[in-house]
Amino acid sequence: VHFSANFPVEPIRSLADYRRALIKRLVVVAMQVRLNVHARGEPISMVEFSHLDSPREACAVCALDVMANADNWQEAVQVVAKEIKKMALFGLSPSELQRCTSALLSDSEQLASQGDRMSNQEQLQFLMESVSCGHTFMDPFQLQLATQLVAQTMTLEEVNEEAATMCFHMAKFGEGGAPMPSSVVLCAPTSVTVKPEEIIDAMRKAAAQVVEAPPEVIVPDSLISKELIAQKMLEHQPVVMRTERIDDEDYPVTGVCARRMSNGIRLNYHYSDSESQRGHLRVTVPAGRIAETGKYKSGALAVGARTMQEGGAMLGLSREQVELFCVDHLIMAEFACNEELLYMEFVFPTSKVTPGENVVTGFEGVMQVLHAVLSGDFLWEEDAFQRAKQAFVQTHQQVSKSMEAAAAEHLLGAMADGDPRFLSVSPEAIEALTLADVKEAVRDHLKTSNIEVSVSGDFDRDELERLALYYLGTVAPSDSDAEQLAVLEKGTAAFTAPSIPPMRMLSNKDLYIEIKDSDPRAVAYVAGRAPNRWGTMADGTRALANRGEGDVAPTSKTGMVKNLLSGLINKNAASEGQVDYRQNALYPCISLMLLQEVLNRRLFSTVREKKRLTYDANFHLTGFERIQGGWYLVTVTAKPEQAQKALDACKETLQAARTWDPITRDNLQSAAYELVSKHQGALQTNRYWVDLMSGLQLDAIPDKNIDYIRDFVPLVKSIQVGDVQEMLETLSIDQEGMWSCIGSSGHTSSDGPAPGEDVDEDEDLHGRSSQMAIGRRGM
């Protein structure tokens, strides 16, 4: 449901004008925080309140967007209207004003600190919007100064007066003389019939509700007291230790430090000021859906992670208190689970954003949340579990109704022999789960010896290690000292790598599924077996394993890099054995990434540019890190009558690269340039550094080591055409090994396009691949 009210644009040409604009932003922030509490899946899955100047519409648009259960949309309207009416009648509380003002000040400060790193495109977009709306253009530093000046003068009374003006079009709907929304739009499935009169009636009833002032929520300055941490320090006496897997001597080259807590928790960190005063933290646990076997029911880990996301009560504090603590400290958190990993992700400011003597920094706030979760002080709530179940039911329904997702699920289900761990969680499996099931599945895998924390950001190294000692080191060890020693001695041998399920031998591997859709369209997939990210096949054998008898791995990894760089400098004069890059553990991984890039370009140039059968064709690999084996997937969208031809063209392109049209040096050079450019560009982000570090110390991912960061660029430039061609041979792209599926909303057996008919020329980024990411992407 979309509600909007249009107002005249108020040009910002003075500090007084900017003050009014900042008050509107403050009301939007406060309103969004209140509404987020209700965006829990039933009846509302998403709600967004905004007030923006729109140059396109030549007005300021105050909008409310709600995604709700189609069968219960009236209740969703009542819920949001009730909160908006509270805001209109009672406004913000003093604590809300202070909280939101601090958030805006911190946001402007961080924007100013990154002002000289804004791209030309961002600067130009901001300039165009300012000119079109009649605003005075200000750079981030000027905006920060203006925000600091006017924030000191805002009063609660004038903020609440503005809140009433912004909300009256919904709060007073139906009353005589009250302002009206400019538009109300409701989109629903065809199975749901909604008349205009029903919408108006629902809005009138919602606006007529009797409301009371919202209760004041007390938000703590800190989740954990200093006294409690001091007591735990005495009890556990934690120690931060270095690790043999990653040496500090390599820090000048890699930029990565590795530590291990005395309780078994691993820590990787990288300092970067590319995102000033910002940090990114990820907790990685090798416990994805692949572990949903035996006593762990199907979907237990996936639903368990979502239950943690939906909940939040901990340490004797309510969910609302913890959520507002995160809002105050600008902390964003995500708990999720993919096929092979359970992870927790946090994005946060590394500095203090809220005034006060006892207020902790955003970084310390994240560490406190993490300590509570890992120590078992997180409260597993039944209502959060029910919301998580509802979210997965909706996801399953969306998969079955989406042509692309349904076709991919149909194909993967056939290739994986129906293994539920690689498919969306079924409603039957969801219904069979209990809160005890999901809690047990998650808690059993959150062992301190099984946890790795990776952090990248703008922080002080000594401060980080202090926080790690206080909040990670004081988590009670899951294993005894003897058990930890045994795990360390076994190392990677303690883990048995799971693998993808064996394929069934079917006579018909060309599948078809028809999905109802409003437009005639189709999607086609070609898929088959492939190695995992590290070149391991499903049976445990290694791709590109022929390194020659007598080959010995270099004793010095730093020497390995010098040899690689030396070989690149003297490439023309070097003899064949001078750069032994094939001994590098990263060799299969880089070969696969280059192969993915080459095949993406081949598909784009052949299927779209030459045969003009599609506007989008791409190739990607699942890129599993723990699971042995994987799949490749070619995706091509087309008109229904051209789907089969597009599918055949994709198969021919893959087979041609293996036979009569092999990979050329030009193909490889273009792919290498693209790969290095992406890598070097992504190194400016904290998220990418966390991606690079995650798994470096996990015994469950034995193939990932510091070479992945240190040797990436020199190894990309060392790979030869023959290496990529050899890697292509490990993919099942022969006729017997290929699977395919066409998903269509209409008939697919036409003779093709009419003479002179063309395809969409919107190039966008089609024909280019992205970096291989954790887990299955797009399947």
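Anyway, here's the lowdown on the structure attached to this text. Treat the numbers as computed from the prediction; the structure is a model and nothing was measured.

## Regarding the sheet that holds strand β3 (residues 59–68)
Strand order in the open sheet formed by 4 strands is β2-β3-β1-β4, and the pairing between neighbours is antiparallel. The open sheet terminates on both sides in strands that have one partner only, identified here as β2 (44–54) and β4 (183–185). Mean inter-strand twist for the sheet, computed between neighbouring axes without regard to direction, equals 10 degrees. Bridge analysis of strand β1 (residues 2–7) against β4 gives 3 bridges, and the strand direction is antiparallel. For Phe 3, the partnering residue across the bridge sits in β4 and is Val 184.

## What to know about the pairing of strand β7 (residues 266–271)
For β7, the buried fraction is high: 5 of the 6 residues fall into the buried class. Pairing of strand β6 (residues 257–261) with β7 involves 4 bridges; the strand directions are antiparallel. Across the sheet, residue Arg 259 finds its bridge partner in β7, namely Leu 267. Where β6 folds back on β7, the antiparallel hairpin that results is connected by 4 residues, among which Gly 264 adopts a positive phi of roughly 105 degrees. When β7 meets strand β11 (residues 452–457), the two strands line up parallel, connected through 6 bridges. Among the inter-strand pairings, Tyr 269 is bridged to a residue of β11, identified as Val 455.

## Observations concerning empty space enclosed by the protein
Enumeration according to the criterion identifies 2 cavities of 30 Å³ or more in this entry. Estimated volume of the largest cavity: approximately 40 Å³. For the largest cavity, the full set of lining residues is Phe 3, Phe 49, Cys 62, Ala 63, Leu 64, Ile 84, His 169 and Met 170. Those elements that provide at least two residues to the lining of the largest cavity are β3 and α6 (156–171). Top contributing element to the lining of the largest cavity by residue count: β3, with 3 residues. Broken down by class, the residue content of the lining of the largest cavity amounts to 7 nonpolar, 1 polar and no charged.

## Points about the nonpolar core
In terms of nonpolar packing, the biggest core is built from 69 residues, with Leu 281, Met 344, Phe 346, Val 453 and Val 455 touching the most fellow members. The residues touching Val 453, leaving out its near neighbours within four places in the chain, are Ile 265, Arg 266, Leu 267, Asn 268, Leu 281, Arg 282, Val 283, Leu 370 and Leu 472. Core analysis: the second largest hydrophobic core is formed by 68 residues, Ala 258, Ala 643, Val 724 and Ile 742 among them.

## Considering the sheet that holds strand β14 (residues 616–621)
Taken in spatial order, the 5 strands of this open sheet run β12-β16-β13-β15-β14, and their pairing is mixed. With one partner strand each, in any of the chains shown, β12 (510–514) and β14 form the two edges of the open sheet. Neighbour-to-neighbour, the strand axes of the sheet open up by a mean angle of 15 degrees, direction not taken into account. In the packing of helix α14 (residues 403–415) onto the sheet, the strands contacted are β12, β13 (522–530), β15 (630–638) and β16 (739–744), and the crossing angle to β13 comes to about 30 degrees. Packing against the sheet, helix α20 (residues 587–610) makes contact with β14 and β15, and its axis sits at approximately 165 degrees to β14.

Criteria and cut-off values
- Residues numbered from 1 in each chain as written.
- Predicted model: local features only at pLDDT ≥ 70, side-chain atom pairs only at ≥ 80, totals over all residues.
- Heavy atoms only, no water.
- Pairing = 2+ DSSP bridges.
- Helix = DSSP H or I, 4+ residues; strand = E, 2+ residues; numbered from the N terminus.
- Axes fitted to C-alpha atoms, helices over the stretch in contact; angles between N-to-C directions.
- Buried < 20%, exposed > 50% of the residue type's maximum accessible area, 1.4 Å probe, protein only.
- 1 Å grid on protein atoms, 1.4 Å probe; cavity = no way out; pocket = protein on both sides within 12 Å on 5 of 7 lines; lining within 4 Å.
- Points joined across faces, edges and corners; volume = space filled by probe spheres on them.
- Nonpolar A, V, L, I, M, F, W, Y, C, P; charged D, E, K, R; others polar.
- Core = buried A, V, L, I, M, F, W, Y, C linked by side-chain atoms within 4.5 Å.
- Contact = heavy atoms within 4.5 Å.

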